[in-house]
Amino acid sequence: MKKMKRLALGLAMGACFAAFGTVAGGEPAAAASAQSRKVIVDDDGFGIAQWLLLQAPDVDVLGIAVVSGDVWRDEGVAHALRGVEIAHRTDVPVLKGAVYPLLNSEKLTDRWESLYGKLVWKGAWMRQWVEPTAQSTPPYHAADVVPDLPEGNPTTKASDESAVLFMIRKVHEFPGQVTIIATGPMTDLALAQRLDPSFAGLAKELVYMGGSFNPRQVRDDVAAAQFAREFENSPRREFNFRFDPEAASIVLRAPWKRIVSVPADPSTATELTPAFLHRLAAANPAFADAVRKKEPGFPLWDEIAAAVWLDPKLITRSEDLYVDVNSQFGAGYGDTLSWRPGYQPDMDEQKEVVVRTVDVPKMEQAIVDLLSRKLPAGK
């Protein structure tokens, strides 16, 4: 019966699947070896994390999905298109995900702040910092506005296929082989799971950056102290969960074979310093200009998720926990919930490998090494 349902799903989506052999711009899809690790990235933008995966040997990046979060989806799509152009990997499709969270909204967020206090970071809804902050404030604009990009505007176009349908299609095409690396809000994954309840179970694993347990300031500099404002009084609050709590709860209670969580906790020992940016720019002339235009001071949130998937030995401490998200509209809306095995309420929470600390110097060197790899010729 399950096979018949999968066949029916495939036939129903046949029109979307017809373009499988080509991607935006008309280039043929990259041929990958049978041993390659297949991955789909679902993020609210594009950065060094995606370049690591595109540059890694024996990794087949099937597609890059973009969802709203730090910026609106369409702006994130533009960054992703330009990012694959810089990497000479326009064979990898960029796909449009969800524009809005399932239930949360800017008006609801404003209402929440009037009741429970100001949020440090609101992503696409961010108008200004509450306190003086070294980091610049992204330009506030409507969802359909795409400002000029500092790294240059893309010349290629996104795929016509929906990111959600693409992910469903790929886990059916490669059952048990596709890793989903989610480093933004989980709206796309929640929609995929609701459209196709077999989605999570057909994937190989979920690796995500999101949630917060009990982070502590590690680095002794201004940027680290300012980012600590987000968790020093609200240690369970993190943006990816807070932007779409309902979606995160749906995804974390889905029947994945394996889940690896990279919360905010290990990121406090990392920073995109000017010195590290200089090392990255020097690693490969193809990336140098775009890297130099990146703003320093940010932790390496998404890069940790990509790096530990590529090399789990970078993890120096982890623990098994059951995790969910508070989706009740109260003071704890969007907060991370967690239980040691045996204490969980057993409402379909899944056991996760939660990364607590990583080997930062080794990870930074691995990032430099991957970015230094020679780009494909003739693309």
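Residue numbers here run from 1 along each chain, matching the order of that chain's written sequence. Confidence filtering applies because this is a predicted model: local features only for residues at pLDDT of at least 70, side-chain atom pairs given and counted only at 80 or more, and all residues used for totals across whole chains, interfaces and linings. The side-chain figures draw on all heavy atoms in the structure; neither hydrogens nor water molecules are used.

K.L.:
I'd love a proper account of the packing of aromatic side chains, names of residues and values included.
P.N.:
For Phe, Tyr and Trp, where Trp contributes only its six-membered ring, two rings pair if their centres lie within 6.5 Å, and the inter-plane angle classes them as stacked under 30 degrees, edge-to-face over 60, or tilted in between. In the structure shown here, the tally under the stated rule is 14 aromatic pairs. Geometrically, the ring pair formed by Phe227 and Trp301 is edge-to-face, given 5.5 Å between the ring centres and 80° between the ring planes. Taken as a pair, Phe227 in helix α9 (residues 222-228) and Trp301 in helix α14 (residues 301-310) lie far apart in primary sequence, 74 residues in all. Note on classification: 1.4 Å probe, protein chains only; a residue is buried when its accessible area is under 20% of the maximum for its type, exposed when over 50%, partly exposed between these limits. Take Phe227: its relative accessible area is 15%, and that puts it in the buried class. Ring centres 5.4 Å apart and planes at 45° place the aromatic pair Phe239 and Phe243 in the tilted group. Of the two residues, Phe239 and Phe243 both sit in helix α10 (residues 239-243), four residues apart, roughly one turn of that helix. The two residues Phe239 and Phe243 agree in class, both being buried. In this structure an aromatic cluster arises from ring pairing among Trp121, Trp125, Trp129, Phe239 and Phe243. Labels follow the DSSP assignment, with helices taken as runs of H or I lasting at least four residues and strands as runs of E lasting at least two, numbered in each case from the N terminus.

K.L.:
Please give an account of the pattern of salt bridges that cites residues and values.
P.N.:
The term salt bridge refers to a side-chain nitrogen of Lys or Arg lying within 4 Å of a carboxyl oxygen of Asp or Glu. Counted under the stated rule, the structure contains 21 salt bridges. A salt bridge links Glu131 to Arg229; the shortest N-O distance between them is 3.5 Å. Remark: Arg229 occurs in the loop between α9 and α10 and Glu131 occurs in the loop between α5 (106-116) and α6 (163-173); sequence separation between them is 98 residues. The salt bridge partner of Glu173 is Arg169, with a shortest N-O separation of 3.9 Å. Here Arg169 and Glu173 lie together in helix α6, a separation of four residues that amounts to about one turn.

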